[in-house]
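# Close look at the chain arrangement
This is what each chain is made of:
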Amino acid sequence: MITPCATDLALERLLAGRAPPEVIAHVDACGGCAERLAAMRREGEDFRRTVYPATVERIEDAAARSPGRRFLLALLPAPVLLAAAAAVFLVVRPVGPPDDYLGVKGSGGIGLTVFTPGKDGPRLLADGAEVSSASTLRFRVRVSELCRLVLVSVDGAGTVSRLDGGGALGVPLTAGLHDLPGGVELDGKPGPERLYAVCLADAAAVPAVEAAAREAGGRGGEGVRRTVRLAGLPPTATQTTHLLEKRP
Amino acid sequence: MERRTRAAQLYATYGPAVYRRCLKLLKDREAARDATQDVFMKLVRDMERLEGPDDPLPWIYSVATNHCLNVLRGDRRRGRAVPLDDDLPLASPQADYPVLALARSVLAQFDVDTQAVAVGVLVDGMEHTELAEALGVSRKTVQRRLERFLVRARELLGGRAS
C-alpha cells in the first residue's frame, strides 16, 4: 500500500514527537518528505536564533495583559467558587524554598532540588534523605539552555511515574531556575524512590527516558539505589538524579 | 509560574510551528517574523488551551493560516505585489507547477473563512472535527463551507475537474 506524503501538519506532529508510526515510516522512506522535514528543522533553527530573541518580549507583554480564563469564574455558582478557592489554596500554598535560595543539586546542564513542607517552612531533602512515605514533594530545576524537561521517578517495585506533567512533549524550559507548578504526594509505600530529571533537546526522546526509567525499575530496590544514570538517552541529553528513602 | 514565563516557554515550544506556517504562506522572512509575533499574541490570550492535554497544533495551524491569508488579502488590497500563483500553500512537494498554480488561483477566488477550510482539509489533511474545533465552528459548518468550495471550484475549473 502506498501511503500519501505527510502534510506539513503531520510533519509538525513528527517534530513534536506525536506522529503515528505510519507517518514516521513513510518519512523514513520518502526522499521528498525527508527533505521537507530537514527544511522545517532549518526554519525552526532560524526561529530560535533570530525570531525568538527579537519578539519574545512582546509575547510576554501580551500574556501579562491577558486575563486568561479567570473570567470564567464569574459564571460559576458560589459553592463551586468556594470549593475552587479551597482547591487552589491547597495546590498553590507555598511550600517552596525561600526566594533567595539558589542551591540546586547537580552540575552541568541540569540541577534538581527536592523539598517538602515542614513545620518551620520548606525543608530541603538531601540526596538519599529519609522521608515519610506519604510526604508531599515540590521541585526546583535549573537548566543551562532551552530544553524539554522530563522528571520521572521509579521505585523498588518498578513503578515508574512522570512527575512533570508535560506529557509527550515534556516541559519546555528556558535557561534558568524554575519551580515546577503543583507538587506530588508519595504513594505511602516504604522503600527507595529515585528521581531523574532529564533535559532533552527534542521531544522525540521523551519515550526513551520513560523506557530507561522502566529498565532501572526492573532491577529491584537495590538496583534503584545504584542506578544513578539513565542509559540509552541521546548524547545531547543532560540528566541528574536524587534518591529518597521512604519510611513508614 | 507567572504568565510571562509560561508564555515565553510556550513561544519557544510552538513558535517554530507558527513561523514555519507563516513562512510557507507569506514566503518572506520579515513578513513571517511579524506574522509569527502577531499570531502568538493571539494564541497566548488562551494560554490554558496551549498548555492543555489536547494537541494544540491543529488550532495553532488554523489561527496562523487565517492570519496569514488575511495578511495576503490586505497586501493585495493595498496593491502590494503578491503574485497570484505564489501566495498560497503548496499542495504537495510532488505536484506539478501548473497544477499548483491552478490550485492557488482557484483558492484566491474565495473568502478567507472558506480558504481556511479548504486549506485545512485539502492541504493540511485535517479531519473535519479537528478543523471545526480549531476554527471554533461546528463540524457542519466545515462540511458546508467545503462543499461550497468544491462546487464553486468545479465551476471555476470548468471541464478540467474530474
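Residues numbered from 1 in each chain as written. Chains lettered and ligands numbered in written order. Predicted model: local features only at pLDDT ≥ 70, side-chain atom pairs only at ≥ 80, totals over all residues. Heavy atoms only, no water.

### Let's talk about the overall build of chain B
Cut-off, in case you're wondering: Each helix is a run of H or I in the DSSP string that is no shorter than four residues. Each strand is a run of E no shorter than two, and both are numbered from the N terminus. Two residues qualify as a contact provided that any one of their heavy atoms is within 4.5 Å of a heavy atom in the partner residue. Exposure was quantified through the Shrake-Rupley algorithm and a 1.4 Å probe, taking into account, for residues, occlusion by the shown protein chains and nothing else.
When you go through chain B residue by residue, the secondary structure sums to eight helices and zero strands. Along chain B, helices (α) and strands (β) appear in the sequence α-α-α-α-α-α-α-α when read from the amino end. For chain B, the proportion of contacts with a sequence separation of at least 24, taken over those separated by at least 6, is 58%. When the accessible area of chain B is evaluated, it comes to approximately 7,600 Å², of which 49% is carbon and sulfur surface.

### So, the overall build of chain A
Heads up, the condition is: When accessible area is computed with a 1.4 Å probe and restricted to protein chains, residues below 20% of their type maximum are described as buried, those above 50% as exposed, and intermediate ones as partly exposed.
What chain A contains, in helices and strands, is six helices and eleven strands. Counting every position in chain A, which comprises 248 residues, the buried fraction comes to 44%. In chain A, the share of contacts with a sequence separation of at least 24, taken over all contacts with a separation of at least 6, comes to 72%.

### A word on the side chain of Arg148 of chain A
What counts here: This count recognises Lys and Arg as positive and Asp and Glu as negative, with His and chain-terminal groups excluded. For this analysis, a salt bridge means a side-chain nitrogen from Lys or Arg found within 4 Å of a carboxyl oxygen belonging to Asp or Glu. Pairs of N or O atoms are called polar contacts if they sit within 3.5 Å, as long as, within protein, a hydrogen donor faces a hydrogen acceptor (for residues adjacent in sequence, only side-chain-to-side-chain pairs).
Structurally, the position occupied by Arg148 of chain A is in strand E5 (residues 147-155). No salt bridge forms around the buried Arg148 of chain A; measuring N to O, its nearest opposite-charge neighbour Asp202 of chain A is 5.6 Å away. For Arg148 of chain A, the side chain forms a polar contact with the main-chain oxygen of Leu169 of chain A, separated by 3.2 Å. Among all residues touching Arg148 of chain A, those that are not within four sequence positions of it are Leu169, Val171, Pro172, Val198, Cys199, Leu200, Asp202 and Ala203 of chain A together with Thr13 of chain B.

### Quick word on the environment of Asp155 of chain A
All names here are of chain A. With respect to the helices and strands, the residue Asp155 is situated in strand E5. Classification of Asp155 by relative accessible area gives buried; the value is 5%. One polar contact links the side chain of Asp155 to the main-chain amide nitrogen of Ala157, over a distance of 3.0 Å. Only 2.9 Å separates the side chain of Asp155 from the backbone nitrogen of Thr159, close enough to count as a polar contact.

### Observations concerning the pattern of salt bridges
Residues and elements named next belong to chain A. Taken as a whole and judged by the stated rule, the model has 23 salt bridges over all chains. Arg48 is the partner of Glu45 in a salt bridge, and the nearest nitrogen-oxygen pair spans 3.2 Å. Highlighted residues: Glu45 and Arg48, both in helix H3 (residues 31-65), separated by three residues, approximately one helical turn. A relative accessible area of 38% places Glu45 in the partly exposed class. Since its relative accessible area comes to 35%, Arg48 is described here as partly exposed.

### Regarding the packing of aromatic side chains
To keep things clear, this is the line we draw: Stacked, tilted and edge-to-face pairs are distinguished by plane angle, under 30 degrees for stacked and over 60 for edge-to-face with tilted covering the rest, among Phe, Tyr and Trp rings (Trp via its six-membered ring) whose centres lie within 6.5 Å.
Tallied over the full model, the rule gives six aromatic pairs over all chains. Considering the side-chain rings of Phe47 of chain A and Tyr11 of chain B, the 5.2 Å spacing of their centres and the 85 degrees angle between planes classify their relative orientation as edge-to-face. With Phe47 of chain A in helix H3 and Tyr11 of chain B in helix H1 (residues 3-26), the pair connects residues from two separate chains. For the pair Phe47 of chain A and Tyr11 of chain B, one class covers both residues: buried. These aromatic residues form a ring-pair network of at least three members: Phe47 and Tyr52 of chain A together with Tyr11, Tyr19 and Phe40 of chain B.

### Here's the deal with the interface of chain B and chain A
Keep this limit in mind: Buried area: the sum, over both parts, of the accessible surface (1.4 Å probe) that disappears when the two are put together.
Each partner contributes residues to the interface: chain B has 40 residues there, and chain A has 46 residues. Between chain B and chain A, roughly 3,800 Å² of surface is buried when both sides are summed, and carbon and sulfur atoms account for 59% of that area. Taken as a group, Arg4, Tyr11 and Arg20 of chain B account for 19% of the area that chain B buries against chain A, more than any other trio of residues on that side. For the interface between chain B and chain A, the tally reads six salt bridges. Linking chain B to chain A there are twelve residue pairs in polar contact (both at pLDDT 80 or more). Residue assignment for the side of chain B that touches chain A shows that the elements contributing at least two residues are H1, helix H2 (29-43), helix H3 (47-51) and helix H4 (57-77) of chain B.

### Concerning the nonpolar core
Quick note on the threshold: Buried Ala, Val, Leu, Ile, Met, Phe, Trp, Tyr and Cys residues form a nonpolar core when they are joined through side-chain atoms within 4.5 Å.
By size, the foremost hydrophobic cluster in this structure holds 49 residues, and its most contacted members are Tyr11, Tyr14, Val18, Cys22, Phe40, Leu43 and Leu50 of chain B. Of all the secondary structure elements, the ones that give two or more residues to this core are H3 of chain A together with H1, H2, H3, H4, helix H6 (112-123), helix H7 (128-135) and helix H8 (139-157) of chain B. At 13 residues, H1 of chain B tops the list of elements feeding residues into this core. Once residues within four sequence positions are removed from consideration, Cys22 of chain B is found in contact with Lys27, Ala32, Ala35, Thr36, Val39 and Cys68 of chain B. Within the second largest apolar cluster, 23 residues are counted, among which are Leu137, Leu149, Leu186 and Ala197 of chain A.

### Focus on unusual backbone geometry
The backbone phi angle of Lys27 of chain B is positive, close to 55 degrees, even though this residue is not glycine. Residue position: Lys27 of chain B is located in the loop between H1 and H2.

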